[in-house]
Amino acid sequence: MICDKYTDMVGVKTRVLPIIGCFWLFVVLDSFFIWNSYENIIKLLACIFVIVSTFYCSYRHLLHVYLSNLLIAISVVLFYLWLTVRVDMTFASQIVRACMFIPLLLMLFWPRQVIVDIYELFRKLIVFFAFGSISVSILYILGLNSFIPHYELQPQSALHERLGYVYYVYGCFVIVHDALSSILPRANGMLQEPGHFAIILGFVYLVERLLNKKPNIIMIICGILTFSPNFILLLFLAEFYNAIRRKMLLKVFGFVLAAIFFVVLLFFMLPKSLQDEFYYLIFERNMEFVIDALMSSGSLSDALNERTNQSGLSYFYSLKPDEMWTGIAVHDDSIILSDYRGLILNIGVLGLLLLVFVMLSLVYKVPFMIKFSFLCVLILVVLHRSWMFYSPYLIYMVYMATVVLKNHDIIKCRML
């Protein structure tokens, strides 16, 4: 029935909607193609495309209002307004924020079939960037990267500039170099940070496994090459869910042990230079100080402190009680405070509560395991990359995933 309805609805113009939606999603993701002087113009164009498309859907009577998406819209409006009032100090920054969030609000009411198409296109593009990142990494290992045409981009933030990052773009695949890693740079996909790409990649992998699809080897390999614990955690979450659903927990546990044994064996077969590089990327760079702080103090806050700096902590712990509730929106590039305390510093406890309202509305009326999985992802981001919520892409990705999971038969229809 849904297949027939979808076939009747689709026209040439309607088929463009997933491209427009995916274009907006890649723009608000801060993909490399907006790292130029035309960034705000591209954001404005993406917003205009979505607005015009929404008018088209309204004209065709394709917009849908349900209790679920209406609740999400209300929560997002409240969060967006509070974010704008507390963070955006200039009219220009308010316009930019509007160009990012208004399309999200409109696309919540787009036809479910179009949202499924946006997800399918987005998934294919993520796999494409994952495959490209793997290819570039292989070229680095073989020492052939210098023979491939590329160009350099300067750091896109003050933090990356202090860390000595340099971006090398091979076609449309970004590789980041830092001062300590050169033999095997981490996979970035199309984003600034490997950890950022690892979350996006891991989330798509999680959705694929929730859809009961086979493990995507390209995603797994690229996720490992980001050398980010984020992907490993999301990979574990996805496989843990499938193991419970299929009642294969012991079998999966045995497979994981075998995989770990194989990886360790392979590690010791590598040259010493590559072993040192892997050790730095996997352990020293990401986890050593965090684990030491957590084990010595038993405090999550102390562990998170290893991913911030003294300026950020100084600002946070100097907040007055009333400032703790509303935030003070510090615009200082010297601050590194990317966990939940960064949210409180900028938008206060009230802003954090509004974000929690958004998170709960996103998983309203979805099965428990899906609700649990998505809340785990959102909480993971809040704990160490809370700045991702200043842009609307993660909110829309979760909404998109819930729609896809509720309408899995549409995807099956395409495969007939």
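Placed above this text is the structure.
Residues numbered from 1 in each chain as written. Predicted model: local features only at pLDDT ≥ 70, side-chain atom pairs only at ≥ 80, totals over all residues. Heavy atoms only, no water.

Draft legend 1. Summary view of helix H19 (residues 393–406). The end-to-end C-alpha separation of H19 is 20 Å, in line with the 20 Å expected for 14 residues at 1.5 Å each. Of all 14 residues in H19, 13 are buried, a share of seventy percent or more. (Helix = DSSP H or I, 4+ residues; strand = E, 2+ residues; numbered from the N terminus. Expected span 1.5 Å × (residues − 1). Buried < 20%, exposed > 50% of the residue type's maximum accessible area, 1.4 Å probe, protein only.)

Draft legend 2. Region of interest: the side chain of Glu208. By the secondary structure assignment, Glu208 is in helix H8 (residues 194–210). Its relative accessible area of 7% is what places Glu208 among the buried residues. Filtering out sequence-adjacent residues up to four positions away, Glu208 remains in contact with Tyr119, Arg123, Lys213 and Met219. (Contact = heavy atoms within 4.5 Å.)

Draft legend 3. Inspection of a nonpolar patch on the surface at higher detail. Judged by side-chain polarity, Tyr38, Ile41, Leu44, Leu45, Ile48, Phe49 and Val52 come together as a nonpolar surface patch covering roughly 640 Å² of accessible area. Within the secondary structure, Val52 sits in helix H3 (residues 39–59). (Patch = residues over 30% accessible without salt bridge, like charges linked within 9 Å, V, L, I, M, F, W, Y side chains within 5 Å. Areas by Shrake-Rupley, 256 points an atom, 1.4 Å probe, with all protein chains shown as cover. Salt bridge = Lys/Arg side-chain N within 4 Å of Asp/Glu carboxyl O.)

Draft legend 4. Local environment of the packing of helix H4 (residues 67–87) against helix H17 (residues 340–362). Contact geometry of H4 with H17 gives a least axis separation of 9 Å together with a crossing angle of 160°. In terms of orientation, H4 lies roughly antiparallel with respect to H17. In the packing of H4 onto H17, the handedness of the crossing is left-handed. Counted together, Leu71, Ile72, Ser75, Val76, Leu78, Phe79, Trp82, Leu83, Arg86 and Val87 of H4 and Asn346, Ile347, Leu350, Gly351, Leu354, Leu355, Phe357, Val358, Ser361 and Leu362 of H17 form the full contact between these two elements. Here the residues of the contact of H4 with H17 sort into 15 nonpolar, four polar and one charged. (Axes fitted to C-alpha atoms, helices over the stretch in contact; angles between N-to-C directions. Parallel < 35°, antiparallel > 145°, perpendicular 65-115°, else oblique. Left-handed = near helix turned anticlockwise from the far one by under 90°. Nonpolar A, V, L, I, M, F, W, Y, C, P; charged D, E, K, R; others polar.)

Draft legend 5. Here's a closer look at unusual backbone geometry. Of note, the phi angle at His61 is positive, near 55°, even though the residue is not glycine. Inspection of the secondary structure puts His61 in the loop between H3 and H4. A relative accessible area of 70% places His61 in the exposed class. The phi dihedral of Phe227 falls on the positive side, at around 50°, and the residue is not glycine. Turning to its location among the elements, Phe227 is positioned in the loop between helix H9 (217–225) and helix H10 (229–246).

Everything listed here is a matter of coordinates, which is why it stays silent on function.
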